[in-house]
Amino acid sequence: VVTPGGAIEDGAVVFDDRILYLGPAAGAPSRLEDCGEAVITAGLVDAHTHACWVGSRHAEYAVRMAGGDYRDIAAAGGGIVSTARAIAQASEDDLEQALVARLQRMARMGVTTVEVKSGYGLEPAQEMKQLRAIARAAARSDLPHVVPTFLALHALPKGADRAAFVKRATELVTEAAPLARFVDAYVDENAFTVEEARGVGRAALAAGLGVRLHVGQFADVGGAELCAELGARSADHLEHASDAAIAALARAGTAAVLLPVASFTLGQAPPPVQKLRDAGVPLVVASDANPGTAPTESLPLAMAMAVRLYGLSPAEALDGATHLAARSLDCVDRGHLEVGARADLVVWDLPHEQALVQPWGTPRARHVFRDGVAI
Ligand SMILES: [Zn+2]
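Scope of this entry: the structure provided in the associated data block. (Residues numbered from 1 in each chain as written. Predicted model: local features only at pLDDT ≥ 70, side-chain atom pairs only at ≥ 80, totals over all residues. Heavy atoms only, no water.)

Another point: the sheet that holds strand E16 (residues 373–374). Consider a sheet: its strands pair through backbone hydrogen bonds, and that pairing is either parallel or antiparallel. Pairing is antiparallel across the open sheet formed by 4 strands, whose spatial order is E5-E14-E15-E16. Only two strands of the sheet have a single partner each, and these edge strands are strand E5 (39–42) and E16. Sheet topology note: the E5/strand E14 (residues 345–348) ladder contains 4 bridges and is antiparallel. Within E14, the residue paired with Val39 across the bridge is Trp348. (Pairing = 2+ DSSP bridges. Helix = DSSP H or I, 4+ residues; strand = E, 2+ residues; numbered from the N terminus.)

Roughly 710 Å³ of internal volume is contained in the largest pocket. Lining the largest pocket are 30 residues, and of these Val1, Gly11, Ala12, Cys35 and Ile40 lie nearest its centre. Every element with two or more residues in the lining of the largest pocket is listed here: strand E3 (11–15), E5, E14 and strand E15 (365–370). When residues in the lining of the largest pocket are grouped by element, the largest group, 5 residues, is from E3. (1 Å grid on protein atoms, 1.4 Å probe; cavity = no way out; pocket = protein on both sides within 12 Å on 5 of 7 lines; lining within 4 Å. Points joined across faces, edges and corners; volume = space filled by probe spheres on them.)

Another aspect to go through is helix H4 (residues 92–108). Counted at 1.5 Å a residue, the expected span for H4 with its 17 residues is 24 Å, and the 25 Å between its end C-alpha atoms agrees. Of all the positions in H4, only Glu92, Leu95, Glu96, Ala98, Leu99, Val100, Arg102, Leu103, Met106 and Ala107 are classed as buried. Along its buried surface, H4 packs onto strand E6 (44–46), helix H3 (80–89), strand E7 (111–117), helix H5 (124–138), strand E8 (145–153) and E15. Gly110 occupies a position one or two residues after H4 and carries a positive phi of about 95°. (Expected span 1.5 Å × (residues − 1). Buried < 20%, exposed > 50% of the residue type's maximum accessible area, 1.4 Å probe, protein only. Contact = heavy atoms within 4.5 Å.)

In this structure, His48 (NE2), His50 (NE2), His214 (NE2) and Asp288 (OD) serve as the protein donors to the zinc ion, at separations of 2.1 to 2.6 Å. The site at the zinc ion holds 4 donor atoms, and with the angles between them running 81 to 168°, its shape is irregular. Sequence spacing of the donor residues for the zinc ion, all on one chain, is H-x1-H-x163-H-x73-D. Placement of His50 in the loop between E6 and helix H1 (58–65) and of Asp288 in the loop between strand E13 (283–285) and helix H12 (299–308) is noted, with a sequence separation of 238 residues between them. (Donors = N, O, S within 2.8 Å, 3.2 Å for Na, K, Ca; no water. Tetrahedral: all angles 85-135°; square planar, octahedral: opposite > 155°, others 65-115°.)

Shown next as structure tokens:
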């Protein structure tokens, strides 16, 4: 049993919807079910996903593999804009069904909390439709706990007036606030500027929402400093982050959300992980589940890649996919096994917690509980 204080050999967990006992099996207050050789950890927490999508972008993957890059695909009307077309044609029911099926598959991989962003609607009515579909999934107790994020600035719709689009997206934050916990914006070259994202971030804070931003995926244009200025809970991507950016995140206590599946897909060099670690920036690992740059639903795969490609230790990967991820989502009673915390936990068919980052692509969760109920 893996706890924040270390692993308990021959350990036991007793729980209802909260954890009641953690310790040696010999001292447990009630009769126990013997799990045999197994590891028990907190349920995994995926702090960055775009899991509410429909359609498929297999064709553009083939284009990318033939030598086209992300920007070529975007210029040809593919990428985010092609998923936006699929979203526009889908009903709220269609979106809910696609998301629910995806969350069920994530649960089978040991994930009990999932942040889900909108951002494929682009147009206000479509963004609200996506947020309502996310809210329906979030209302269910038989799925992972859902933390909804309004991704206000993701891509500019084809032919849209830039200034008018940003103004409308900023105004939409207030309207979206009852359906979201966080607001996000994509700050990068060929995306949105610091100034544009600052307006959205301030609107989020005014509406009582938290901020998390996509920054530094292709270039450092000052997004990390904006995260620090806004007191953002997370700065996500950071493949490009200057020393000043890292220092700003450390000062603000903003977590770095590492997305190794995306940089793997795009063939990019890793973020400056050693510098982030040295600066004391919390390292969160997430799947970035999306139909383009991270076509996976597997947080364990992202953990494996964080170890192999980014140089995290297996323990850092587990911390980054449990309690550090939960803290970045303000879910402080999830993501860790402690008496009184919510009973989100996983029994793994594995010999050791370090083995979590090894059986790549193979689900090894035997039992998955959210709030004490099997999901
Ligand atoms: Zn993303």
